[in-house]
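Single-letter residue listing:
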Number of protein chains: 2
Amino acid sequence: MSTSRSTIRDVARAAGVSISTVSLVLNNKGHVSEATRRRVLKAARELGYVPSRAARDLSLKRTGNIGFVLRDDHFTRSEPFYTYIFLGTEFEARLHNLYVLLTTIPRDYQPRVHTPRFLRERNVDGLLVAGKVSDTFLQEVRAMKLPTVLIDYEAEGFPAVVIDNQGGARVAVEHLLQQGHRRIAFVGADLQHPSIANRLEGYRGALVRTGQTPDPALVLVDEEAEPTRATGQRLGQRLLELKTRPTAAFCANDALALGVMETLLQAGLRIPEDVALVGFDDVQGATQAPVPLTSVRVFKEQLGELAMRHLVERMTPDETRRPYARGQHIIVVPCELVVRASSAHRKAYPPA
Amino acid sequence: MSTSRSTIRDVARAAGVSISTVSLVLNNKGHVSEATRRRVLKAARELGYVPSRAARDLSLKRTGNIGFVLRDDHFTRSEPFYTYIFLGTEFEARLHNLYVLLTTIPRDYQPRVHTPRFLRERNVDGLLVAGKVSDTFLQEVRAMKLPTVLIDYEAEGFPAVVIDNQGGARVAVEHLLQQGHRRIAFVGADLQHPSIANRLEGYRGALVRTGQTPDPALVLVDEEAEPTRATGQRLGQRLLELKTRPTAAFCANDALALGVMETLLQAGLRIPEDVALVGFDDVQGATQAPVPLTSVRVFKEQLGELAMRHLVERMTPDETRRPYARGQHIIVVPCELVVRASSAHRKAYPPA
DNA sequence: GTGAAAGCGCTAACAA
DNA sequence: TTGTTAGCGCTTTCAC
């Protein structure tokens, strides 16, 4: 017990069988009689036997690791969005007896310089990429022919697990419409980001569906900026300067919404009486905001779990499965609206 | 290139030597002639050879992994404190060619139920534990006889890398004293936490050193609570109810300080004119607070780096090192005061 | 200085 | 149903 750990040999000896039998039992393979199976299991338990990962991996020609890559600035954001996603993958990984190797890459990724070590050494069987990353990185990954799944981001040729951005945005805007709002602004940033673009689409869709004509003047977007609180503050300023001020704004994410809120409150406006606000992501800060923020809740851990599950499926060529297209599957995860004070019912327009 | 990766055999063949020679060259061992050394290196480079981790680990009887454990509620805090620490360890790990396996444990850790998988399977060569964790967990770790280093926490029998809590607190309070403050409160929580206890010590020390007698009435502590923003709000209330209000408060961390600030501002007090505030940790939110918060900056990534380095030292029994006590080394990392508006010079008391 | 060979602990043919 | 054996790719004695 106190000496070095026991091996498959020890178990075999203790159970009075050969090591291959032990291997078969432990991996539920082949046909082993119930009697020996029990003996083996018992011996293994009594010896506190745990298979050596290195030995198994060497024999199986795999690593048992999954790489998880995200941008460092995303990982260290004050909102633990990607942290939850990571925890989701980690949870699912346990079910498959895999380890997750987490590494960050810089925003301005340089192809050979910043390549994660586990990729360089080919020390992962599959790869998970969370959030928007440099395209040069994705190109490198593409060239490696490694099973890969993106999370909360989309790119040519990669399967991905994404939020139902469009659907969530639509529900959010429909909620505002239902509250009686007719002049609803959209606050956004970097439209290159598929998520943001989709949220804008959802916003437009909701308006069009209800027979409205989206007013371009109400689309407040800073194409060059990241969707941060600071950007929200600036865009809030622009909102204030509009000739006819909107009565509500749907913001592409909570950070932006919180920034807008700050600006509006400082300008002396009331929320939601003067301007109702809805965000997206439902971050922790949404609840604690001066005016609790209505938002679209995203199930971050679920994103991670699903991505890992999907990755594992792609890694194990299951013969029993039909030969579906090996292409770019996109898994869309639903989200849900959480109504808080920032968009509470306006006295003037009671809900339908 | 497109087929499976090349092995040490391939390199040996290409260089016209034996595999043991290749091994020696690649590990800088034994005496190999400069000529063959070059040939081997060249061959390895041309073949894009990367040693198999599994094979090496199997042979070396090690795993090449380091476990990193922290509480899930710490990891998902909105302040990426532990995220930075993790990144520090990850950075240092690369230098030693180690992988870091990150896992969280619940706050209410249950001994055999929640044991991290890599510990159960003994799949790490060393362990890093960040932040306060359940004592039952540490007991389990103790029993494993695994090289371990704590980070930002201390416990019997474990080496640790910690912030200079006492020193930082002292500097913070000295700063307030220098601003002319004489009634300085201490705002804290859970004194069981060594960091908080030490910060209180530093606070007292600064006062005593300058010949003051610490006033127990000014020590506002909620022993039962965690040092969070909510706790800070409550303690801020208690501060307001004091018969003779302090002119300044040193808070055990930024979360508490931010909570106190919120309460004071809502009560109509001005900061720093009515009450000056100083926090600890220098979190991201400190800069963005309504009144930018003076705080003690902590070099989080450095904590992680040092811990990893120390762990690696303990893992590799270096014969050349003197047989120092194998005991509980505590590495103290300095921190520095960052002065912002929340404690800016008061007109009444110009700086010395 | 270099090579042959054993062995790390496991899986998977292949025999029996 | 079970056992024998040949690897998996590397490190490391031990000869030469």
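Residues numbered from 1 in each chain as written. Chains lettered and ligands numbered in written order. Predicted model: local features only at pLDDT ≥ 70, side-chain atom pairs only at ≥ 80, totals over all residues. Heavy atoms only, no water.

## Section: the sheet that holds strand E8 (residues 248–251) of chain B
All names here are of chain B.
Okay, so step 1: Read across the open sheet, the four strands follow the order E7-E6-E8-E9; overall the sheet is parallel. In this open sheet, the two edge strands, each paired with only one partner strand, are strand E7 (219–222) and strand E9 (276–278). Adjacent strand axes in the sheet meet at a mean angle of 15° when their direction is disregarded.
Okay, so step 2: In the sheet, E8 pairs with E9 via three bridges, with the strands oriented parallel. Note on E9: the bridge partner recorded for Phe-250 is Val-278.
Okay, so step 3: Lying over the sheet, helix H11 (residues 229–240) contacts strand E6 (184–189), E7 and E8, oriented at roughly 145° with respect to E7.
Okay, so step 4: Sitting on the sheet, helix H12 (residues 254–266) touches E6, E8 and E9, and the angle it makes with E9 is about 160°. (Pairing = 2+ DSSP bridges. Helix = DSSP H or I, 4+ residues; strand = E, 2+ residues; numbered from the N terminus. Axes fitted to C-alpha atoms, helices over the stretch in contact; angles between N-to-C directions. Contact = heavy atoms within 4.5 Å.)

## Things to note about the relation of the copies chain A and chain B
Okay, so step 1: For the match of chain A to chain B, the screw axis carries a shift of 0.0 Å, the RMSD comes to 0.1 Å, and the turn is 180°. Within this description, the copies of the chain are treated as partners about a two-fold rotation axis.
Okay, so step 2: Taken as a fraction of all interface residues of chain A, those also at the interface in chain B reach 100%, which identifies the copy contact as same-surface. (Least-squares fit on C-alpha atoms with pLDDT ≥ 70 in both.)

## A look at the packing of aromatic side chains
The geometry of an aromatic ring pair is captured by the separation of the ring centres together with the interplanar angle, meaning the angle of the planes.
Okay, so step 1: Enumeration according to the criterion identifies 15 aromatic pairs over all chains in this entry.
Okay, so step 2: Centroid distance Phe81(A) to Tyr82(A): 5.0 Å. Interplanar angle 75°. Geometry classified as edge-to-face.
Okay, so step 3: With relative accessibility at 3%, the residue Phe81(A) sits in the buried group.
Okay, so step 4: An aromatic cluster of at least three residues, connected via ring pairs, comprises Phe68(A), Phe75(A), Phe86(A), Phe68(B), Phe75(B) and Phe86(B).
Okay, so step 5: A cation sits over an aromatic face here: Arg117(A) above Tyr99(B), 4.5 Å from the ring centre. (Phe/Tyr/Trp six-rings, centres within 6.5 Å; stacked < 30°, edge-to-face > 60°. Buried < 20%, exposed > 50% of the residue type's maximum accessible area, 1.4 Å probe, protein only. Lys NZ or Arg CZ within 6 Å of the ring centre and 35° of its normal.)

## Points about the packing of H11(B) against H12(B)
Residues and elements named next belong to chain B.
Okay, so step 1: In contact at an axis separation of 6 Å, H11 and H12 are set at 50° when each is read in the N-to-C sense. The angle between H11 and H12 falls in the class oblique. Where H11 crosses over H12, the two elements pack in a sense that is right-handed. For the pair formed by H11 and H12, the contact residues are Arg-229, Thr-231, Gly-232, Gln-233, Leu-235, Gly-236, Gln-237, Leu-239 and Leu-240 on the first element and Ala-255, Leu-256, Leu-258, Gly-259, Val-260, Glu-262, Thr-263 and Leu-264 on the second. (Parallel < 35°, antiparallel > 145°, perpendicular 65-115°, else oblique. Left-handed = near helix turned anticlockwise from the far one by under 90°.)

## A word on the protein's contact with DNA strand D
Okay, so step 1: In the vicinity of DNA strand D, 25 residues are found, and the nearest of them are Ser20(A), Thr36(A), Ile8(B), Tyr49(B) and Ser59(B).
Okay, so step 2: Considering DNA strand D, the proportion of its atoms within 4 Å of the protein that are sugar or phosphate atoms stands at 72%.
Okay, so step 3: Ser18(A) is positioned such that a nitrogen or oxygen atom in its backbone is 2.8 Å from a phosphate oxygen of DNA strand D.
Okay, so step 4: Note that a phosphate oxygen of DNA strand D is positioned 2.9 Å from one of the side-chain N or O atoms of Arg56(B).
Okay, so step 5: The element that contributes the greatest number of residues to the surface near DNA strand D is helix H4 (residues 53–60) of chain B, accounting for four residues. (Near = heavy atom within 4 Å. Polar contact = N/O pair within 3.5 Å; in protein donor to acceptor, adjacent residues only side chain to side chain.)

## Observations concerning the sheet that holds strand E6 (residues 184–189) of chain A
Residues and elements named next belong to chain A.
Okay, so step 1: Sheet architecture is open: four strands sit in the order E7-E6-E8-E9, paired in parallel fashion. Each edge of the open sheet is held by one strand with a lone partner, namely strand E7 (219–222) and strand E9 (276–278). Taken pair by pair, the neighbouring strands of this sheet meet at an average axis angle of 15°, ignoring direction.
Okay, so step 2: Pairing of E6 with strand E8 (residues 248–251), which is carried by four bridges, proceeds in the parallel orientation.

## Thoughts on the UniProt feature "domain: HTH lacI-type" (unreviewed entry) in chain A
Okay, so step 1: Under the present numbering, the feature "domain: HTH lacI-type" (unreviewed entry) in UniProt falls on residues 6–60 of chain A.
Okay, so step 2: Across residues 6–60 of chain A, the secondary structure splits into 69% helix and 0% strand, with the terminal C-alpha atoms separated by 20 Å. (UniProt positions renumbered as here; feature names shortened; annotations may be inferred.)

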